[in-house]
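# Coordinate analysis (summary)
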Amino acid sequence: MFINCKTWFSYRYGTYSTEALVDAAAEQGLSSLGLCNINSTADCWDFVDFCREKNIKPLIGAEIRNEDSLCYTLLARSDAGLLEINRFLSEHLQEKKAFPERPTCFSEVLIIYPFGSFAAQSLKEHEFIGILATELNRVKKQEVEAFPKKWIIRHPVTFQNKTYFNVHRLLRAIGKNTLISKLGEKDFAAPDEMFIPEAALMSAFRNFPGMISNTLQLIDSCDIKTKLHTDKNKKHYSASKEDDRVLLEKLAMEGLLYRYGNNPVAKARVIKELKIIDQLNFNAYFLIVWDVVRYAQNRGFYYVGRGSGANSIVAYCLKITDVDPIKLDLYFERFLNPHRTSPPDFDMDFSWKDRDEVIDYIFKRYGKDHVSLLGMYSTFQRRAVIRELGKVFGLPKEEIDQLVRGKDQPMNEDKIQRTILKYGQLLENFPNHQSIHPGGMLISEKPIYQYTVNEMPPKGFCTAQIDMFLAEKIGLFKLDILSQRGLGHIKEAIRLVKQNKGIDIDIHRVEEFMSDPKVASQIRKADTIGCFYIESPAMRQLLTKLKCDDYLRLVAASSIIRPGVSQSGMMKQYIERFHDPKKIVYLHPKMKELLEETYGVMVYQEDVIKVAHHFAGLDMGEADILRRAMSGKYRSHNQFNVIREKFFANCKALGHEDSVAAEVWRQIESFGGYSFSKAHSASFAVESYQSLYLKTYFPMEFMVAVINNFGGFYSTEFYFHELKRTGAKVNPPCVNRSEYLTNISGEDVFVGLIHIQQLEKKLCDFILEERQANGAYLSLEDFIERTHAGPEQLNILISVGAFGFTGLGKKKLLWKANFAQKRLTAIPDSPALFREPAMDFTLPDFPDYPLEDALDEINVLGFALTDMFRLCAHDGKGTVFAEQLPSLLGKNVEVLGQLVVTKDVRTINREHMAFGTFLDPKGDWLDTVHFPPSLKRFPFQGKGFYKLRGKVVIEFGAYAVEVQGMWKVGLRGKREVVKTADELVIS
């Protein structure tokens with residue numbers, strides 16, 4: 001009887017989770033249940049799955065609303081009906097058009113109108129009128145008797161009880177962005193929209209037995225047969241499965257010759273992998289990924305194939321990845337094996353500039369009816385939900401802020417505050433709104449609408465209402481098309497090198513880069529600012545501690561830097577054993593053989609597989625199940641217990657002592673949850689080497705490329721600092737020499753117009769177009785006449801130095817600009833045939849103060865291009881440079897630094913401490929450590945200059961200052977004459 005139930009996927013309306021709704025129905029003893037969320041089928045497959053587990057017949061549909069107005073309820077009679085509903089919803093949601101009052105596009109869908117919408121005699125065979133128990137006194141018996149088949153019971157279920165009715169009302173107020181006191185009765189559901197005993201509902205309709213039988217017949221007529229957990233992906237890339245197998249084998253063998261030449265070991269592995277891929281029906285999946293890669297190659301896009309897919313030699317031969325699994329001893333079973341039920345996983349990284357074109361290609365190549373971006377949803381979390389509820393109850397911002405902080409500090413709560421905290425707790429983890437997965441795409445064999453509604457977010461690509469977990473349950477395997485700035489750095493650097501130096505770079509010569517002594521020296525010095533994945537202070541310190549100068553060590557560093565690994569103590573253990581091999585203890589000779597590369601530490605997930613297979617005799621598929629179980633995904637799964645028993649039984653059969661087997665198991669449990677895929681790290685390391693090569697041999701172009709991609713660990717200001725350290729001459733923006741992005745010519749760099757924060761994009765584009773069409777600007781007056789820039793925009797350009805080519809000071813330019821603007825009383829329709837000579841008049845000498853340029857740059861660009869320490873009020877006397885720290889080990893020193901970045905951490909005792917990164921007056925990088933007592937007394941106070949006092953310490957070759965005192969240093973006065981850099985002598 002309950003054919004119109006909602007869950008919390010009726011966003012900001014329903015209060016049941018999907019599973020809780022089905023559990024509640026089971027407790028009521030219901031044999032059927034209908035899910036009809038508002039304009040959504042987001043959780044319908046979870047609903048089907050939970051219903052089948054409870055032996056409840058699932059009905060799927062949607063409640064159609066235009067804003068708050070209920071139009072009708074749709075119920076799918078079959079899988080074809082669900083496809084019709086999803087298509088219908090998708091069309092209207094994507095085009096953001098109102099739903100029709102009476103749809104005419106359905107053949108396998110039942111339509112239930114609310115009472116009073118249409119007369120019973122006008123309804124077609126598949127149309128009905130739904131009656132609420134509260135509406136029975138308004139129903140005319142004669143009309144019911146005249147059209148007996150058209151009336152059914154409608155009892156919506158939206159919330160659990162009175163408490164959740166209040167949750168519902170609060171959700172409605174949040175959704176409408178209004179005070180709860182301003183909600184009207186039509187703004188929320190009726191208070192009785194909850195489960196009641198089915199017998200009580202039938203009793204309410206006892207005078208209309210036909211409505212009861214109609215409802216039961218309607219339920220019987222609906223049947224969803226789709227099986228879950230079965231492959232729903234595009235089945236064939238070519239004409240048939242056999243054609244796919246033949247094509248994949250041909251491409252793999254061609255790639256094998258390219259990658260390895262005549263290598264029997266590699267060939268045997270390719271054959272083995274192809275057999276498993278075919279057995280598990282993933283030929284089409286590999287070919288689709290290869291097709292995407294081929295398109296990217298043809299378009300000149302750079303990409304990185306990473307994730308567990310890099311464990312596959314077939315993927316390596318198809319150029320999906322550049323990681324050699326034989327060289328790195330990577331197991332294919334980590335990616336795909338006969339025991340694995342979860343789908344394979346390819347992560348494809350493209351430049352942020354190219355990714356959308358790749359996504360567009362996939363939509364066009366495989367058809368918009370079969371492709372969608374993967375959806376996800378954001379949830380209410382404590383701080384956000386308290387802020388929302390605070391607004392709903394009309395609290396002032398100060399009081400809301402206090403409530404948000406209240407978890408960590410005592411406060412006197414009044415009734416409203418207690419209500420907010422109570423309902424805030426109930427609302428935590430409720431879905432809040434639909435969102436987009438960072439990169440997942442679905443490609444289905446049947447139309448994608450068979451499984452999901454597709455919406456159209458601002459990004460411009462159809463996005464599924466289902467998330468990755470539901471997609472996997474259905475049997476749709478995502479392909480991750482991701483973006484990152486590192487590839488943009490590489491592509492832009494190659495373009496700039498070609499433009500500036502006429503040199504073509506083959507960036508895929510990674511093997512050469514790995515053996516290049518200059519590149520090795522660059523890593524060893526940790527001179528890696530701007531390089532993908534290895535530029536953060538923590539990573540540069542780790543490179544120093546590991547004396548890293550080769551690929552395998554960089555792969556290890558890329559793995560142990562991960563938060564889980566470092567926090568578990570594995571990173572420290574790895575470093576200690578690297579420096580002192582005497583600390584390495586192998587439990588068994590076989591463990592030495594397996595883990596010698598990583599000093600006896602299970603750094604990678606592949607190490608868990610290796611030990612389970614070679615030490616305990618599990619086959620590779622079982623070893624991967626163990627690896628996944630240790631990562632926390634399947635610990636409760638019965639397979640885990642079976643594998644555990646087999647592990648110990650095999651160890652006994654192989655003659656391992658019980659104590660040794662127990663300790664190996666303990667280490668697997670200890671490290672397995674934190675370990676990282678070696679293939680993943682190896683993919684990162686390949687890209688890091690590409691960046692390192694460019695930074696080593698073309699540092700100026702590389703840093704300009706980093707700046708132009710607006711992505712990295714540091715802010716743009718510090719990338720310009722690194723650019724200056726390469727020897728480049730960095731000039732402020734210039735209306736004659738700058739482009740939209742920063743450009744380089746020889747060693748001259750001109751800051752891009754994009755960095756002028758308040759410059760209007762429209763004017764910026766016109767400046768460049770006009771210059772391109774009619775040549776360089778001859779003077780300030782010429783610029784004004786040709787661009788008609790307004791006074792505010794002109795003042796910004798002058799203050800940043802964009803008219804430096806005129807040879808006039810900024811103050812004179814401002815006077816001339818003001819005069820020229822007054823002369824330009826109207827904007828001419830077309831360029832003048834003859835230019836009027838500029839008015840020549842005598843201006844007084846205006847004094848220039850050296851600090852003014854720097855302050856203007858900070859105001860206009862957000863950072864100074866000149867030496868920042870010229871602004872510092874401290875003269876540097878009595879302080880030391882970063883380069884002097886090795887000779888002052890263990891001594892107390894004072895240093896002067898410009899704050900770059902901080903990293904907050906908690907100690908074992910949950911106290912706050914921090915690590916700091918500064919630049920010293922010579923432009924060198926300086927690391928600091930701030931333990932809890934010091935940080936409490938001397939907290940960071942935002943960006944700027946600091947004088948720091950502390951002891952010079954070393955950890956495995958990485959120097960830092962353990963700070964005992966820290967004081968913020970101000971700026972010099974605006975009119976103060978600054979000493980030259982040579983006079984900033986450190987005594």
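These remarks concern the structure in this document. (Residues numbered from 1 in each chain as written. Predicted model: local features only at pLDDT ≥ 70, side-chain atom pairs only at ≥ 80, totals over all residues. Heavy atoms only, no water.)

### What to know about the pairing of strand β20 (residues 945-955)
Looking at chain direction, strand β17 (residues 892-906) and β20 are connected through seven bridges and run antiparallel. Across the sheet, G897 pairs through a bridge with Y946, a residue of β20. Here 11 bridges tie β20 to strand β21 (residues 958-969), and the two strands are oriented antiparallel to one another. Following the sheet pairing, V952 is matched in β21 by V961. Connecting β20 to the next strand, β21, in antiparallel fashion are two residues, including F956 with a positive phi near 50°. (Pairing = 2+ DSSP bridges. Helix = DSSP H or I, 4+ residues; strand = E, 2+ residues; numbered from the N terminus.)

### Notes on the pattern of salt bridges
All chains considered together, the criterion is met by 59 salt bridges. In this structure, the salt-bridge partner of R294 is D291, at a minimum N-O distance of 3.0 Å. Of the two residues, R294 and D291 are both situated in helix α10 (residues 283-298); the distance of three residues between them amounts to about one turn of the helix. Note on D291: relative accessible area 0%, which makes it buried. Put simply, D607 and K610 hold a salt bridge, and the shortest N to O gap is 3.6 Å. Linking D607 with K610, this pair stays in helix α25 (residues 605-615), spanning three residues, or about one helical turn. K610 shares its class with D607; the two are buried. A single salt-bridge network, built from bridges that share partners, covers D527, K695, E722, R725 and D924. (Salt bridge = Lys/Arg side-chain N within 4 Å of Asp/Glu carboxyl O. Buried < 20%, exposed > 50% of the residue type's maximum accessible area, 1.4 Å probe, protein only.)

### Overview of the packing of aromatic side chains
Tallied over the full model, the rule gives 45 aromatic pairs. Site record: aromatic cluster; members linked through ring pairs are F282, Y285, F286, F346 and F477. The ring of Y258 has K319 lying over it, and the distance from NZ or CZ to the ring centre is 4.1 Å. (Phe/Tyr/Trp six-rings, centres within 6.5 Å; stacked < 30°, edge-to-face > 60°. Lys NZ or Arg CZ within 6 Å of the ring centre and 35° of its normal.)

### What about the environment of A239?
With respect to the helices, strands and loops of the structure, A239 is situated in the loop between α7 (209-221) and α8 (241-260). Looking at A239, the relative accessible area reads 66%, which means it is exposed. The spatial distance from the C-alpha of A239 to the C-alpha of L89 is 32 Å, given a sequence separation of 150 residues.

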